[in-house]
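Chain residues, written in single-letter form:
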Amino acid sequence: MGIVIGVVNQKGGVGKTTTAVNVAAGLGAMGKKVLIVDFDPQGNATTGFGIKKKYLEATTYEVIMGEKRPQEAIIPTRYKNVKILPATSQLCEAELQLADVEQRNHQLRKVILQVKDDYDIVIIDCLPSLGILAINALIAVDRIIVPMVCEPFALEGLAQLMQTVKKVKRTSNKDLKFMGIVFTMVDKRLLASNEIMRDIRKSFESDLVFQTVIPRNVRVTEAQSVGEPIIYYDKNSKGGDAYERLAKEIWAKCREMEKKNG
Ligand SMILES: Nc1ncnc2c1ncn2[C@@H]1O[C@H](COP(=O)(O)OP(=O)(O)OP(=O)(O)O)[C@@H](O)[C@H]1O
Ligand SMILES: [Mg+2]
């Protein structure tokens, strides 16, 4: 049974896509069957896997609007065990068009249910918003991972996200759970960010913050600019090593979850 994980944070530029892409590649390299769903009109996860958007025959947009089956849009990536449901800027239109659809918030869930058992893990890269697409994602997933940059306003955004998660859990997805916060783009030389990390670790149960911390590392950006996950671009870089460890930590949490569910 596939486990569905959303990478969410309504704050922009915190490393959601970088985390989704590199964890997907890491899990694939570990032998897990992975589907990554690009659920952001920016289509960065699609580009991050080196996919040229102009050649796509179907994308998340058609699938979410019920015009195509997910199997028609999912394509392999060049990387081991990873397939992708790609996105382009057309996904913007879904945000408006879904407003007139009765089951508007459940569209992605319906799509995911059709495919999730073909994979060990499905990772959804979300857009930076808490609008209709983001709500669709929260209703579709079992667990959320929240990448976070240690900046002074990080906690304010987190409070807002937690409120939305609570509401979705109460009304539409009772099994939704928080898997953890992952600190991204960390520069350990910055005392302020060390303090913020410490405060967040104190205010959350320890198993809700990932042990692995992702350092700021230029190799990660370089890898993205050539459309390669970091473990294929430079496995031995600090970023490559960190994302490999994060993928292992996530898989361990998935295993725990399976055990609990029997
Ligand atoms: N560990 C890292 N080291 C250096 N640069 C990084 C790292 N992680 C992410 N970046 C860079 O930070 C920028 C934002 O990252 P990313 O696109 O993953 O964030 P995002 O949360 O998905 O953004 P958006 O909200 O726009 O979707 C990108 O330019 C990316 O290359
Ligand atoms: Mg992104």
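Cut-offs and rules
- Residues numbered from 1 in each chain as written.
- Chains lettered and ligands numbered in written order.
- Predicted model: local features only at pLDDT ≥ 70, side-chain atom pairs only at ≥ 80, totals over all residues.
- Heavy atoms only, no water.
- Near = heavy atom within 4 Å.
- Polar contact = N/O pair within 3.5 Å; in protein donor to acceptor, adjacent residues only side chain to side chain.
- Nonpolar A, V, L, I, M, F, W, Y, C, P; charged D, E, K, R; others polar.
- Helix = DSSP H or I, 4+ residues; strand = E, 2+ residues; numbered from the N terminus.
- Contact = heavy atoms within 4.5 Å.
- Axes fitted to C-alpha atoms, helices over the stretch in contact; angles between N-to-C directions.
- Parallel < 35°, antiparallel > 145°, perpendicular 65-115°, else oblique.
- Left-handed = near helix turned anticlockwise from the far one by under 90°.
- Core = buried A, V, L, I, M, F, W, Y, C linked by side-chain atoms within 4.5 Å.
- Buried < 20%, exposed > 50% of the residue type's maximum accessible area, 1.4 Å probe, protein only.
- Pairing = 2+ DSSP bridges.

Enquirer: Can you tell me about the site of ligand 1, naming the residues and giving the values?
Expert: Taken together, 19 residues lie near ligand 1, and Lys 16, Thr 17, Thr 18, Asn 217 and Gln 224 sit nearest. Within the contact set of ligand 1, an oxygen atom lies 2.9 Å away from a backbone nitrogen or oxygen of Val 14. Class assignment for the residues of the shell around ligand 1 results in six nonpolar, nine polar and four charged.

Enquirer: Tell me about the environment of Arg 201, and please be specific about residues and values.
Expert: Note on placement: Arg 201 falls in helix H9 (residues 191-203). For Arg 201 and Gly 157, which are 44 residues apart along the polypeptide, the C-alpha to C-alpha distance reads 16 Å. In contact with Arg 201, not counting residues within four places along its chain, are Phe 183, Val 209, Phe 210, Gln 211 and Val 213. At 3.2 Å, the side chain of Arg 201 and the backbone oxygen of Phe 210 are in polar contact.

Enquirer: Explain the packing of helix H6 (residues 107-115) against helix H7 (residues 132-140) to me, and be specific about the residues and the numbers.
Expert: Contact geometry for H6 and H7: axes closest at 7 Å, N-to-C directions at 40°. It follows that H6 is oblique to H7 by the angle criterion. Here the hand of the crossing between H6 and H7 comes out right-handed. Counted together, Gln 107, Leu 108, Arg 109 and Ile 112 of H6 and Asn 136, Ala 137, Ile 139 and Ala 140 of H7 form the full contact between these two elements. In the contact of H6 with H7, the residues fall into five nonpolar, two polar and one charged.

Enquirer: Could you give an account of the nonpolar core, with specific residues and numbers?
Expert: Residues Phe 39, Ile 124, Ile 144 and Phe 183 are the most contacted members of the largest nonpolar core, which totals 54 residues. Among the elements that make up this core, the one with the highest residue count is H7 (eight residues). Apart from the residues within four sequence positions on either side, Phe 183 is in contact with Met 148, Cys 150, Met 197, Ile 200, Arg 201, Val 209, Val 213 and Ile 214. Of all hydrophobic cores here, the second largest spans 37 residues; its members include Ala 24, Val 34, Tyr 243 and Cys 254.

Enquirer: So what's going on with the pairing of strand E6 (residues 143-148)? Residues and values would help.
Expert: Taken across its six residues, E6 has six buried, putting it largely inside the fold. In E6, alternate side chains face the same way, and those of Arg 143, Ile 145 and Pro 147 on one face and Ile 144, Val 146 and Met 148 on the other are all buried. By the bridge criterion, three bridges tie strand E1 (residues 3-7) to E6 in an arrangement that is parallel. Across the sheet, residue Val 7 finds its bridge partner in E6, namely Ile 145. With six bridges joining them, E6 and strand E7 (residues 177-183) adopt parallel strand pairing. From the neighbouring strand, Val 146 faces E7, where its bridge partner is Ile 181.

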